[in-house]
Each structure stands twice: as C-alpha cells, then as structure tokens.
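Summary of the model geometry
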Amino acid sequence: MNEKWLVGVDLGGTTIKIAFINQEGELIHKWEIPTNKSEKGQHIPTDIAKSINQTLAEYGQQKSKLIGIGIGAPGPVNLGAGSIDVAINLGWENFQLKDILERETSLPVIVDNDANVAAVGEMWKGAGKGAKDLLFVTLGTGVGGGIIANGEIIHGINGSGGEIGHITSLVVGGALCNCGKTGCLETIASATGIVRLFIEELSSNHAPSVLRDYFEKHQTVSSIQVFEAATMGDELANKIIDQITLYLGLSLANLSNGLNPEKIIIGGGVSKAGDVLLNPLKEHFSRFAFPKVAQGVELAIATLSNDAGVIGGAWLAKQHFVNNDSQAIATII
Ligand code: ZN
C-alpha cells in the first residue's frame with residue numbers, strides 16, 4: 001500500500017496529540033507526548049519531530065510516507081508566517097512555529113488556531129460532516145470557537161476571527177475576562193464560568209439543593225456536577241443551566257443571524273453534558289434567531305471528542321499540500 005499519510009498535531013498545555021491519518025481522514029495511529037514547557041517551550045518542535053520519527057520507524061516507514069503536518073496551536077496565529085505572538089501556557093513569545101517545525105521535521109507545516117482546527121475536524125469527520133457553513137464552539141476551561149463559511153475558516157484581518165468566547169454577552173457589568181474585557185461569553189459558558197455562577201447563586205438563593213450540600217462539605221464543585229444535579233431536578237442547578245444557555249443561545253443566535261450556518265456544533269469538556277445542555281440551548285437559540293436562520297440550522301454536540309484537533313490538522317495539511325490528483329506537493333512553502 002503506497003498511500004501517503006497526513007500528520008495532525010494538536011498542541012495543548014499538558015499534552016501534544018499526534019496522529020498519522022490517511023487522505024480519507026481515517027486514523028492510522030494516534031499517540032500523545034507530554035508538553036515540555038521548560039525553557040520557554042523551545043523544545044516543543046524538537047519533541048514533536050523526534051516522536052514522529054520514532055513512530056515512523058515503529059511502522060517501518062520512511063519520511064517520504066508523510067505528506068505534511070497540520071498543527072493547531074493555542075491563541076491567534078499569524079497565518080502567513082505560521083508564528084504565534086503569545087501563548088502564555090506554553091511560554092511562547094513571537095514563536096516561529098512553522099519555520100522551526102519545518103526545519104526539525106523536513107516536512108511542510110501549516111499552523112492554525114486550535115479551535116479553528118477542531119472546527120474543520122468536526123466538519124470533515126464529525127458532527128458537521130457534509131456542512132460547508134458551520135459554527136463550532138468549544139466549552140472547556142475557556143470558550144473557543146471556529147467559524148467556517150463556504151468551507152473556509154474565517155480568519156479575519158489578523159487571525160482573530162472566530163473568537164466566539166469573547167462575544168460580549170453582558171453589556172453592563174459581568175465578570176472580568178482573561179482578554180481584559182468584562183461580560184465575555186467565556187466568563188459565563190466555560191466550565192469555570194458555570195462553577196463561578198453557581199457559587200455566586202448560593203449566597204443569594206436559599207432553595208434546597210443537593211449540590212449546595214456537596215459544596216458546603218467539600219468547598220468545590222465541577223461544571224459536570226452542576227449538569228448532573230440539574231438532571232436530578234435540582235432547582236438551583238437548573239437556574240444556572242438556564243442562565244448559561246440563555247447567554248450562549250443569545251450569542252450563537254446573533255452570530256447566526258449574520259452568518260446563516262447549516263450546523264452549530266458544541267464541543268469541549270462541558271459538551272459531555274449532552275441533552276441537559278443542548279435542549280435548553282436550542283430553546284434560547286430559537287428565541288433570538290431570525291426565523292429563517294433558525295429553520296436552516298441544526299445544533300449538535302461534537303462527536304470527535306479529543307480527536308477533532310488531529311483530524312482537523314490532517315485536513316489542513318491535505319488542503320495545503322495535496323493537489324487535486326492526490327499527489328503530494330513536495331515543496332516547502
Ligand atoms: Zn474576553
């Protein structure tokens with residue numbers, strides 16, 4: 001079998017996920033290495049290159065088996081240069097990721113923002129399969145997003161397109177966001193935001209709650225526990241879910257009124273809550289979406305979970321380094 005493979009890389013603050021993927025988007029092999037953040041993260045590209053070489057050797061394959069690398073990195077990316085201005089959790093400042101990784105691997109590299117890469121992963125093989133216009137929002141520690149219009153990632157003028165987490169959901173007041181603004185969607189619909197809202201509610205709402213009892217005993221709750229309590233009919237937890245799906249629904253509806261997407265995909269750790277998140281979200285979304293926009297769209301939970309990043313990375317590599325005849329373009333851009 002002479003088929004060449006794509007390499008997808010998902011660069012996270014704790015682990016780096018790497019996969020060999022065929023041109024149909026099927027995983028051949030996936031694995032993880034720890035993210036080495038020492039010395040301002042400068043060893044990261046070398047670690048990736050070594051790990052790829054080692055895995056190739058395990059498969060008895062040469063470097064020529066690989067077409068190129070698509071990598072998702074945190075933060076806005078300078079697309080032309082493939083560089084990252086700042087990635088605080090990796091220690092990077094003005095980091096020339098594309099150049100260094102190309103030098104280390106002798107393979108062509110395409111870099112994009114991690115949420116954008118996960119979005120195209122879901123478009124290629126996940127919940128967005130077949131759609132060319134979609135919104136992807138990832139609810140994790142923060143809120144990330146990717147917007148795809150007519151099959152293309154929306155990057156905007158300086159790589160900050162798709163920053164759905166920083167849509168202002170609360171015009172007046174609201175919590176301070178990492179970006180410096182207040183009232184961003186991320187301060188409400190992220191795992192951290194959900195827990196913060198729940199704890200705030202405890203001080204003013206005295207309804208009986210199993211989760212209040214748990215919190216008073218352990219001084220901690222997780223966002224998943226808030227959803228679990230809501231499923232069991234906990235009034236206080238349900239109030240929080242209603243609140244976060246209201247602001248998430250409002251933000252996604254406003255965005256949709258401008259973009260008229262076919263699919264809205266909810267990913268990230270919080271999305272594991274499933275229907276207890278999705279059903280109230282659909283209701284709030286419909287309240288704020290232009291009727292024809294609401295008719296055309298389907299809201300769904302992401303299906304690729306942790307694989308979205310590597311599959312999306314492979315999609316990017318395919319777009320950039322494979323021509324229509326599925327022949328690898330050997331030149332490094
Ligand atoms: Zn923000």
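Check the entry above for the structure.
Below is a summary of the structure that appears in this document. (Residues numbered from 1 in each chain as written. Predicted model: local features only at pLDDT ≥ 70, side-chain atom pairs only at ≥ 80, totals over all residues. Heavy atoms only, no water.)

Some details on the overall build of the protein chain
Helix and strand counts for the protein chain stand at 12 helices and 13 strands. Against the 2.2 N^0.38 benchmark of 20 Å for 333 residues, the protein chain shows a C-alpha radius of gyration of 21 Å, consistent with a compact globule. Per-residue burial for the protein chain yields a buried fraction of 53% across its 333 residues. Counting contacts in the protein chain only where the partners sit at least 6 residues apart, residues at least 24 apart contribute 61% of the total. Accessible surface, the protein chain: about 15,000 Å² in total, of which carbon and sulfur atoms supply 51%. (Helix = DSSP H or I, 4+ residues; strand = E, 2+ residues; numbered from the N terminus. Rg over C-alpha atoms; globule rule 2.2 N^0.38 Å. Buried < 20%, exposed > 50% of the residue type's maximum accessible area, 1.4 Å probe, protein only. Contact = heavy atoms within 4.5 Å. Areas by Shrake-Rupley, 256 points an atom, 1.4 Å probe, with all protein chains shown as cover.)

What about the side chain of Q225?
Looking at the secondary structure, you find Q225 in helix α8 (residues 223-231). A polar atom in the side chain of Q225 sits 2.8 Å from the backbone nitrogen of S222. Each residue touching Q225, except ones within four places of it in the same chain, is listed here: L211 and Y214. (Polar contact = N/O pair within 3.5 Å; in protein donor to acceptor, adjacent residues only side chain to side chain.)

A closer look at the layout of surface pockets
The probe, sized like a water molecule, is rolled over the atoms to show the empty space still left. Here the second largest pocket defines a volume of roughly 170 Å³. Looking at the second largest pocket, the residues that line it are L79, I110, V111, D112, G151, E152, I153, H155, W315, L316, Q319 and H320. Elements with a contribution of two residues or more to the lining of the second largest pocket: β8 (109-113), β11 (152-153) and α12 (308-321). Broken down by class, the residue content of the lining of the second largest pocket amounts to 6 nonpolar, 4 polar and 2 charged. Composition of the lining of the second largest pocket by domain shows at least three residues from each of domain 1 (5-113) and domain 2 (127-303). (1 Å grid on protein atoms, 1.4 Å probe; cavity = no way out; pocket = protein on both sides within 12 Å on 5 of 7 lines; lining within 4 Å. Points joined across faces, edges and corners; volume = space filled by probe spheres on them. Nonpolar A, V, L, I, M, F, W, Y, C, P; charged D, E, K, R; others polar. Domains from an automatic or database assignment.)

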